[in-house]
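# What the coordinates show
Below, each chain spelled out in residue letters.
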Amino acid sequence: MPPSVPAPASPPPVRVLLVEDDELMRRSFAVALERYGYRVAAAADGLTGLELFRDEGFDLLILDVMLPGLDGIGLCRRVRETSLVPVLMMSARGDGLDVVAGLEAGADDYVVKPVDTYVLVARIRSLLRRATYAPAPAAGRAAGEEPSPPGADLLVFGDLTLDTGGLEVSVSGRPVALTPTELKLLLEFAAHPGVVLERHTLLRNVWEYGWDGDSRVVDLCVQRLRRKLGRDRIETVRGFGYKLRR
């Protein structure tokens with residue numbers, strides 16, 4: 001009788017750091033996420049959250065904006081000094097100041113409290129898909145066909161070089177670190193060089209919104225890309241959207 005083949009090992013659970021000062025909300029979010037299979041560590045203030053982040057590895061951070069001591073925006077900035085981990089901000093107000101400040105600090109997305117668990121989990125799944133994004137094989141390459149020659153995955157736009165296979169970006173030969181959301185946004189532009197992409201198209205293809213989302217998410221992420229790649233690389237077409245200069 002042939003030996004039994006061991007079942008493939010299950011992937012480790014996704015580790016989530018939740019920083020929320022409201023005890024009832026913190027517990028309810030943690031319990032709900034654990035029911036979906038996430039492994040949750042929670043903190044009640046920004047400094048404790050920063051210590052946890054530095055001491056342990058996490059796959060995703062959920063940060064409330066209003067936190068005692070170090071607020072969520074300051075915590076996001078501190079995290080971005082050393083890590084590209086996906087960050088989801090939560091705001092009780094949902095006003096422009098919170099949204100803009102959080103996204104400028106480096107957050108990938110935001111939700112407004114009170115938030116339904118299903119919406120929260122959908123945003124988490126979208127962020128994690130971006131963090132593990134792998135581009136499709138080059139068009140026209142059949143299964144089993146020889147891989148492309150070296151350099152075939154390189155896209156060059158002036159001083160910007162994008163390796164779509166290795167998911168690496170450089171400007172004038174200098175490596176540029178992008179968050180998963182920034183990288184997927186750049187890949188979306190690079191797939192349509194010179195073509196104007198409307199904000200709602202980018203929300204659907206990059207953020208995976210199945211409804212009309214907040215276009216400020218797109219605008220702020222484009223601003224972050226411009227700071228890293230050069231202000232003239234992504235052009236604004238007023239009244240329509242953005243395009244990547246060839």
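Use the structure listed above.
A brief look at the structure comes next. Not measured: the values here are computed from a predicted model. (Residues numbered from 1 in each chain as written. Predicted model: local features only at pLDDT ≥ 70, side-chain atom pairs only at ≥ 80, totals over all residues. Heavy atoms only, no water.)

### Focus: the sheet that holds strand β10 (residues 197-198)
Pairing in this open sheet of three strands is antiparallel, and the strands run β10-β12-β11 from one edge to the other. The two strands at the open ends of the sheet, each matched to only one other strand, are β10 and β11 (234-237). Against the sheet, helix α6 (residues 180-190) contacts β10, β11 and β12 (241-244), and its axis sits at roughly 75° relative to β12. Seen against the sheet, helix α8 (residues 216-229) touches β11 and β12 and runs at an angle of roughly 145° to β11. (Pairing = 2+ DSSP bridges. Helix = DSSP H or I, 4+ residues; strand = E, 2+ residues; numbered from the N terminus. Contact = heavy atoms within 4.5 Å. Axes fitted to C-alpha atoms, helices over the stretch in contact; angles between N-to-C directions.)

### Regarding the pairing of strand β8 (residues 168-171)
Where strand β7 (residues 160-163) lies against β8, four bridges are found, and the strand directions are antiparallel. Directly across from D163, in β8, lies its bridge partner E168. As consecutive antiparallel partners, β7 and β8 are separated by four residues, and within that stretch L167 has a phi angle of approximately 55°, a positive value. As judged from the two bridges shared by β8 and strand β9 (residues 174-175), these two strands associate in the antiparallel manner. Within β9, the residue paired with V171 across the bridge is R174. Taken together, β8 and the strand that follows it, β9, pair antiparallel across an intervening segment of two residues, in which S172 is found at a positive phi of about 55°.

### A look at the sheet that holds β8
Within the open sheet, the four strands sit side by side as β6-β7-β8-β9. Their pairing is antiparallel. Single-partner strands in this sheet number two, and they are β6 (154-157) and β9. Relative to β7, α6 is tilted by about 100°, and along the sheet it contacts β6, β7 and β8.

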